[in-house]
Amino acid sequence: MSLLRRRKPINESSDSKPLLEKEEEEQHQGHDEDDDDDGNGKNKKNPSKINKKRGEKPPSPPSPPPSKWSCLDTCCWFIGCICITWWLLLFLYNAMPASFPQYVTEAITGPLPDPPGVKLKKEGLEAKHPVVFVPGIVTGGLELWEGRECAEGLFRKRLWGGTFGEVYKRPLCWVEHMSLDNETGLDPCGIRVRPVSGLVAADYFAPGYFVWAVLIANLARIGYEEKNMYMAAYDWRLSFQNTEVRDQTLSRIKSNIELLVATNGGRKVVAIPHSMGVLYFLHFMKWVEAPAPMGGGGGPDWCSKHIKAVINIGGPFLGVPKAIAGLFSAEAKDIAVARALAPGFLDNDIFQFQTLQHVMRMSRTWDSTMSMVPRGGDTIWGGLDWSPEEGYSCSKKGEQKNNTQIMDQTGAENAVCKGRSANYGRIISFGKDVAEAPSSDIERIDFRGAIKGHSAANTTCRDVWTEYHDMGFTGIKAVAEYKTYTAESTVDLLHFIAPKMMARGTAHFSYGIADNLDDPKYKHYKYWSNPLETTLPNAPDMEIFSLYGVGLPTERAYVYKLSPHAECSIPFKIDTSADDEDTCLRDGVYSVDGDETVPVLSAGFMSAKGWRGKTRFNPSGIRTYVREYNHSPPANLLEGRGTLSGAHVDIMGNFALIEDVIRLAAGASGEELGGDQVHSNIFNWSEKIKLQLDDETPVHSSR
Amino acid sequence: MASILRFRKLYYVEQAVKCSSVGFESLDQSPKIDQKLDKKEEDVISANNLALGINKRKRAKEWRCIDSCCWIIGCLCTTWLLLLLLCHCWPVTLLRVPELPGPGARLKREGLTALHPVVLVPGIVTGGLELWEGKPCADGLFRKRLWGGSFTEIFKRPLCLLEHLSLHYETGLDPPGIRLRAVPGMVAADYFAPGYFVWAVLIENLAKIGYEGKNLHMAAYDWRLSFQNTEIRDHALTRLKTKIELMYITNGYKKVVVVPHSMGVIYFLHFLKWVETPPPIGGSGGPGWCAKHIKAIMNIGPAFLGVPKAVSILFSAEGKDASYLRAMAPGVFDSEILGLQTFEHVLRMSRTWDSIVSLLPKGGDTIWGNMDWSPEEGHVCDFSKKSHSQTSLSDNNVNNSDVKRGFRVKDLAKYGRIISFGKAASVLHSSKLPTVDSKEFSRTSASLNFNISCGDIWTEYDEMSRQSIQNVAADKAYTSTALIDLLRLVAPKMMRRAEAHFSHGIADNLDDPKYNHYKYWSNPLETKLPDAPDMEIYCLYGVGLPTERSYVYKLSPSSRCKSIPYKIDSSISGEENSCLRGGVYFADGDESVPVLSAGFMCAKGWRGRTRFNPSGIATYIREYRHKPPTSLLEGRGIESGSHVDIMGNSALIEDILCVAAGATGYEIGGDRIHSDILRMSERINLPL
């Protein structure tokens, strides 16, 4: 705009105003000759200009806005410059030798360490055991096989994963196709969205955002390829048993593992599940040995014949608290990455988009999210007044590692912390005061019997439907009146606020602790993915590893508030104003040690205690190992997501972890790897959990 | 930034002034005004910054051109961006070409649903290959497609790519340090290059009636290897077997329908024998495996008896399009000025691929004809771009056979001579040809000089002496049997390697135990079909397109560093209506596979209960007459009959869908024949 302003003074200062006018025109003329296919608007003006020129002196210019034209011209000029520069850069970039970026990186940061694959190849490691990857929730791609009219042209295109271009182009259509049927948890009528198969299913989640790609590349260095690697892609929206019912995914995995073992000279496979894949693979191991109608009919020794080791990466064995927040108010920070794709301004009611409600409605049709609800109730996650992690001090995360050890040794400091420790047991509390008050001070009114009022909002909410609309105001109030929820009552809470969803969910998942594992009811598939309600297969030679990152604050408990009652919105919200330095409370979330998604407790407890030695959950005494990786952020931007990361997904690029995985795949055992590698307090915390493991004395683990 | 802009603005004004000054001169304005004007301008400028203004004036001229360039590009970019934006914002429904519902949608309305699981077996060159381990020059291409996809790497680093695509010359397996593997899954061959569909249309139509990942499988394999080597290296056959068994079980014990295409046809023939053979070399499925698991085999464009085109590829890398490489490397590369020697590279690469040898004509003179006789003789070619209706008109009006007889007298193509040197050799009666037995040629391999001077391009031609090269040409004409000998002569190592995996003869006695060897499995004339009386075999192929059948060669002018010594003599063309054009004799077919190769087994070799088909498996021939797309909008046409485009042919898709949904060959209408295949088969004297 300043250009325009600049122009006027010149015009005014010059005496020959009409002349200048003509000059303007002259110039346009020239441009028109240059570029005939330019806009029509110009051409229309041409005749008048010519006329003017013929007439000796146009007495008064009819003000064809010259300033506007010059502005357009400048714009064009400017864009042209940018384009040319861009092309030049692009050309240079393409002509650049491929090794150039690496060269620059090395020049700045010094020589990079060899990737583990290269390093281990030099040591002489070779591909030995076939490898099976089991991706977790949201990381697997989904593609369309049959859709409604609005999704035309998307046949076999990725709806989930990849660029997510369609999310922006036709969001409602996308939500419709990604949702499952609310009653059955299977495909809605006329829509078939299926998992992408093969390694491409989950190597990259979005362009440039690797999931398995780094691990695959490193495995390939020591000789792995398609014939001894297999990506067990499945539709992660479905409940585990439904993947078999609809797609026969479990049968495919079984058949593929058998094939891998047969074609690789009888060498057993190494399974590498990640995140929810851990639970899925647990389910698979039970399924494959169960007799035919419900299971895979593999016989009781299938696992010991076919599986060498299960390397669980960031496994939420006992669920994640985040899942509750996700189901309760669609606010989990990243369990549904969809949240990130629909940035904050979409929440705005002005646009009437109601993004959150759509997301919530969609994610509630996904049975799999319910597999991540914390299991084991108060015994594991703590009651109103205690929790296994109590005494955890967040401040240490800023300090150095050795500091922590000092703290452990001096019990005194621990005691100090205890006085002001977070009540992690209260997974949901309404109000910060409730979260901190001693349990005797909290008055709670049981919500379970509360009558749900009828809500008139139902009709006005367009097609956005969440079960909250059925609850009515009294129901919502009743929920808030109960003040605080422990792990056990959260499950009841979910039953209360979303009865239909939980009815679906409880048919496929269970969250309790088994008293007697020999009870025939535990033969039902809904218990298979709960490590506290199943026994491990009878495979004494198998090894189970828990690999996970530590050193990152991880969501553990929430402070909620009632959101101002707007129609058609979710009535509960995390109280982001609640903050407390001492008790790890930040933005309404109590955090604890973990990998940003899974708390240490959930990832490590089964390997550290529940399955350690010969317990009732592990009758054949499968050896278990805990391998923790301390998080250190990438040193500079060039490193990308870092080679030392401990975050839930980024850990798949952690060199130490990759090295461990490759060694195991090349034949090493857990002992050869160095046994346990522990940075967190997982063993202390596990001690505090009073879970009956056997008639024998519980096995105390020591390093 | 702002200051720069302001700066620019000043130039702009100045230019305007200049322009006007030129313009006004022609209008008899006195130059003084100009000067005055200039002065005024200068004043204005000096008001801002005098020194700068002067500087600018000096450079004004240079600036102008660049400026207008920028301006034009800017305009174009803006328009383009605007159009792009419009295009993206456009509702999808508006731009959609009103199209007929595809066969899938139509059949769904008729009530067809997915019943039998479907296995797709892609052919040669259509499958993608990706890199798993490479030389340093292929840095950063890990798990990227080297073959298929956009082929950008071919242009970026052609030599590197050729090196990676080649196999080891001795073993026919990976060269050390390079692992190139088939892309698995449906993406392997749905599109060959962006926009160039292979299986995509068929897959989409199958999906319409309910197919998806669990009952649709693409049996991707490394098409460069010999068939048995795909098992040895990648366990591809074992995988296919497991997959079929799995689909059979998970789909309620429904047998599979297999749809192989092109070379996939003989690959699957190999699989059929392999799967029932006991373990060390076979898949140990037991004698009833095929009967138990396979409902039908729907061969599309089958190359059962090989294709003559394979000969020219191996002989001189000149196959017209069987290897798409030719198209990728346009004529420019041939010129020796650039020293690129594309053809030599291509020849060398394709000779390392065993699979091409599998496509050499099988059955020798009995099938393909000898010096003076061929089953297709009397074929009339119609090259002129007459539309199809006209052809059929003439068919109606004139007595068909009369026309043919007329041509037969005049210009009778001797298809039996697959390679002849010089046009004369291709036409003359056999008694007039010199008879030199090619086996008697001495082969001097002492010409090391050539080797050194030719850099790293090495074809086996370099080892041949000039004399023997000329002797080959002196032999004048080769039939398909003599041709195998010829190839043994010009490329002994390749043939030694490949003939351990393939055989091209006719079995006299199929019970001979030697036929248990895997090298006979892919030759329909040397194997028996499995014992599966309920199975059905279909031959689906296009007709009505001129297809390479035999070649006229010439010696290429000798050059210092050996180029390929033979070339198709593209200067030779017959008169109107002759089947000779550009040095190639054409016959009926689908542009790649002659009718004879595609249809003979279904029409005669396996028809009824023959020695090749002891259990009497039912065979059906379904031919699709080629019709070029009527308009550009149709793309590659829904009635095409050409080798790859036929995969988009509606009638063919409909047939496949019907069979997959449970119909039998009889129900879809049995045979459907347009060509002379039955008469040709009659002429072939093969004991059955």
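Just so it is clear, the structure is predicted and the values come from calculations on it, not from any experiment.

What counts and what doesn't
Residues numbered from 1 in each chain as written. Chains lettered and ligands numbered in written order. Predicted model: local features only at pLDDT ≥ 70, side-chain atom pairs only at ≥ 80, totals over all residues. Heavy atoms only, no water. Helix = DSSP H or I, 4+ residues; strand = E, 2+ residues; numbered from the N terminus. Buried < 20%, exposed > 50% of the residue type's maximum accessible area, 1.4 Å probe, protein only. Contact = heavy atoms within 4.5 Å. Areas by Shrake-Rupley, 256 points an atom, 1.4 Å probe, with all protein chains shown as cover. Pairing = 2+ DSSP bridges. Axes fitted to C-alpha atoms, helices over the stretch in contact; angles between N-to-C directions. Patch = residues over 30% accessible without salt bridge, like charges linked within 9 Å, V, L, I, M, F, W, Y side chains within 5 Å. Salt bridge = Lys/Arg side-chain N within 4 Å of Asp/Glu carboxyl O. UniProt positions renumbered as here; feature names shortened; annotations may be inferred. Disulfide = S-S within 2.5 Å. Parallel < 35°, antiparallel > 145°, perpendicular 65-115°, else oblique. Nonpolar A, V, L, I, M, F, W, Y, C, P; charged D, E, K, R; others polar. Domains from an automatic or database assignment. Buried area = accessible area lost by both parts, 1.4 Å probe. Polar contact = N/O pair within 3.5 Å; in protein donor to acceptor, adjacent residues only side chain to side chain. Phe/Tyr/Trp six-rings, centres within 6.5 Å; stacked < 30°, edge-to-face > 60°. Lys NZ or Arg CZ within 6 Å of the ring centre and 35° of its normal. pLDDT = per-residue confidence, 0-100.

**Description of the overall build of chain A**
Looking only at helices and strands, one finds 28 helices and 17 strands in chain A. The buried share among the 703 residues of chain A stands at 57%. Here the contacts in chain A between residues at least 6 apart in sequence split such that 75% fall between residues at least 24 apart. By element, 56% of the accessible surface of chain A is carried by carbon and sulfur atoms, the whole surface being about 28900 Å².

**A closer look at the sheet that holds strand S2 (residues 142–146) of chain A**
Residues and elements named next belong to chain A. Here we have three strands laid out as an open sheet, ordered S3-S2-S4, and antiparallel in their pairing. Of all the strands in the sheet, the pair left with one neighbour each is strand S3 (158–160) and strand S4 (192–195). Here the average twist between neighbouring strands, direction ignored, is 45 degrees. Bridge count for S2 against S4 is four bridges, and the pairing is antiparallel. Note that in S4 the partner of Leu142 across the bridge is Pro195.

**So, a nonpolar patch on the surface**
Residue and element names in this part refer to chain A. Together, Trp86, Trp87 and Leu90 make up a nonpolar patch on the protein surface, roughly 350 Å² of accessible area in all. Tracing the sequence through the fold places Trp87 in helix H4 (residues 66–95). Owing to a relative accessible area of 43%, Trp87 belongs among the partly exposed residues under this scheme.

**So, the UniProt feature "transmembrane region" (unreviewed entry) in chain B**
Following the UniProt record, the feature "transmembrane region" (unreviewed entry) maps to residues 65–86 of chain B here. In the segment residues 65–86 of chain B, helix accounts for 100% and strand for 0%; the C-alpha atoms at its two ends are 31 Å apart.

**Focus: the state of the cysteines**
Here the structure, examined in full by the defined rule, presents three disulfides over all chains. A disulfide bridge connects Cys150 of chain A with Cys173 of chain A, and the sulfur atoms are separated by 2.1 Å. Taking the torsion about the S-S bond as the criterion, the Cys150 of chain A to Cys173 of chain A disulfide, at about 85 degrees, is right-handed. Linking Cys150 of chain A in the loop between S2 and S3 with Cys173 of chain A in helix H8 (residues 171–178), this pair joins segments that are 23 residues apart in sequence. The class of Cys150 of chain A is partly exposed, set by a relative accessible area of 33%. On the basis of relative accessibility, which here comes to 8%, the residue Cys173 of chain A falls in the buried class. With a sulfur-sulfur separation of 2.1 Å, Cys137 of chain B is cross-linked through a disulfide to Cys160 of chain B. Taking the sign of the S-S torsion, 80 degrees for the link of Cys137 of chain B and Cys160 of chain B, the bridge is right-handed. Pair noted here: Cys137 of chain B is in the loop between strand S2 (129–133) and strand S3 (145–147) and Cys160 of chain B is in helix H6 (residues 158–165), with a separation of 23 residues, a long-range link. Classification of Cys160 of chain B by relative accessible area gives buried; the value is 9%.

**Here's the deal with the packing of helix H11 (residues 249–263) of chain A against helix H12 (residues 276–289) of chain A**
Residue and element names in this part refer to chain A. Two numbers describe how H11 lies on H12: the axes approach to 11 Å, and their chain directions differ by 80 degrees. Accordingly, the angle class assigned to the pair H11 and H12 is roughly perpendicular. Here Thr249, Leu250, Ser251, Ile253, Lys254 and Ile257 of H11 lie close against H12, whose contacting residues are Tyr280, His283, Phe284, Trp287 and Val288. When its residues are assigned to classes, the contact of H11 with H12 shows seven nonpolar, three polar and one charged.

**A word on the environment of Ile272 of chain A**
Residue and element names in this part refer to chain A. Along the chain, Ile272 turns up in strand S8 (residues 269–273). Along the chain, Ile272 and Ala656 lie 384 residues apart, while their C-alpha atoms are 15 Å from each other. The residues contacting Ile272, other than those within four sequence positions of it, are Val131, Val132, Phe133, Val134, Trp212, Leu215, Ile311, Ile313 and Val661.

**As for the domain arrangement of chain A**
All names here are of chain A. Partitioning chain A into structural domains gives domain 1 (116–141 + 196–319 + 531–552 + 593–688) and domain 2 (376–391 + 421–457 + 464–523 + 558–574). Residue-level contacts link 19 residues of domain 1 with 19 residues of domain 2. Carbon and sulfur atoms supply 63% of the area buried between domain 1 and domain 2, which totals about 1600 Å² over both sides. The interface formed by domain 1 and domain 2 contains zero salt bridges. Our count for the domain 1 to domain 2 interface comes out at six residue pairs in polar contact (both at pLDDT 80 or more). Those elements giving two or more residues to the side of domain 1 that touches domain 2 turn out to be helix H10 (240–247), helix H25 (600–610) and helix H28 (682–688). The class makeup of the residues in the side of domain 1 that touches domain 2 is nine nonpolar, seven polar and three charged.

**Re the environment of Thr369 of chain A**
Residue and element names in this part refer to chain A. In this structure, Thr369 sits in the loop between helix H16 (355–364) and helix H17 (377–381). For Thr369 and Gly319, which are 50 residues apart along the polypeptide, the C-alpha to C-alpha distance reads 9.9 Å. Those residues in contact with Thr369 that sit more than four places away from it in its chain are Ile137, Ala323, Leu327 and Ser363.

**Some points on the packing of helix H9 (residues 236–250) of chain B against helix H10 (residues 263–276) of chain B**
The packing of two helices is summarised by the inter-axis angle and the distance between the axes. Residues and elements named next belong to chain B. Their axes nearest at 11 Å, the elements H9 and H10 cross at an angle of 75 degrees. Between H9 and H10, the angle is such that the two are roughly perpendicular. For the pair H9 and H10, the contacting residues are Ala236, Leu237, Thr238, Leu240, Lys241 and Ile244 in the first and Tyr267, Phe268, His270, Phe271, Trp274 and Val275 in the second. Classifying every residue of the contact of H9 with H10 gives nine nonpolar, two polar and one charged.

**Description of the sheet that holds S2 of chain B**
Residues and elements named next belong to chain B. Reading across the sheet, the three strands line up as S3-S2-S4 and stay open at both edges, with antiparallel pairing between neighbours. The open sheet has two edge strands with one neighbour each: S3 and strand S4 (179–182). If you compare each strand with its neighbour and ignore which way they point, the axes differ by 45 degrees on average. Relative to S3, S2 runs antiparallel, the two being bridged by two bridges. Note that in S3 the partner of Glu130 across the bridge is Arg145. In this fold H6 packs onto S2, S3 and S4, with an angle of close to 80 degrees to the strand it touches most, S3.

**Things to note about the packing of aromatic side chains**
All names here are of chain B. For the coordinates displayed, the defined rule picks out 43 aromatic pairs over all chains. With centroids separated by 6.3 Å and ring planes inclined at 85 degrees, the aromatic side chains of Trp147 and Trp353 adopt a geometry described as edge-to-face. Taken together, the positions of Trp147 in strand S3 and Trp353 in the loop between helix H14 (342–351) and helix H15 (354–357) put the pair 206 residues apart, joining distant regions of the chain. For Trp353, a relative accessible area of 2% gives the class buried. Note that Arg497 overlies the ring of Tyr169, its terminal NZ or CZ placed 5.3 Å from the centroid.

**A closer look at the confidence of the model for chain A**
Interpretation of this model should avoid reading the predicted coordinates in detail wherever pLDDT is low. All names here are of chain A. Across chain A, pLDDT averages 76, with 73% of residues at or above 70. Counting interchain partners and residues more than four positions distant, the pLDDT-below-50 stretch residues 1–66 has 72 contacts. Counted against residues more than four places away or in other chains, residues 455–464, with its pLDDT under 50, gives 18 contacts.

**Regarding unusual backbone geometry**
Residues and elements named next belong to chain A. Of note, Gln248 is a non-glycine position whose phi angle comes to about 55 degrees, a positive value. Note on placement: Gln248 falls in the loop between H10 and H11. For Gln248, a relative accessible area of 13% corresponds to the buried category. The residue Ser275 is not glycine, and still its phi comes out positive at about 55 degrees. The topology assignment puts Ser275 in the loop between S8 and H12. Judged by relative accessible area, Ser275 falls into the buried class, the value being 6%.

**Describing the environment of Glu488 of chain A**
Residues and elements named next belong to chain A. Along the chain, Glu488 turns up in helix H23 (residues 487–497). Among the residues examined, Glu488 registers a relative accessible area of 45% and is labelled partly exposed. Spatially, the C-alpha atoms of Glu488 and Leu159 are 36 Å apart, while their sequence positions differ by 329 residues. Discounting chain neighbours no more than four positions away, the residues touching Glu488 are Gly377 and Asp378.

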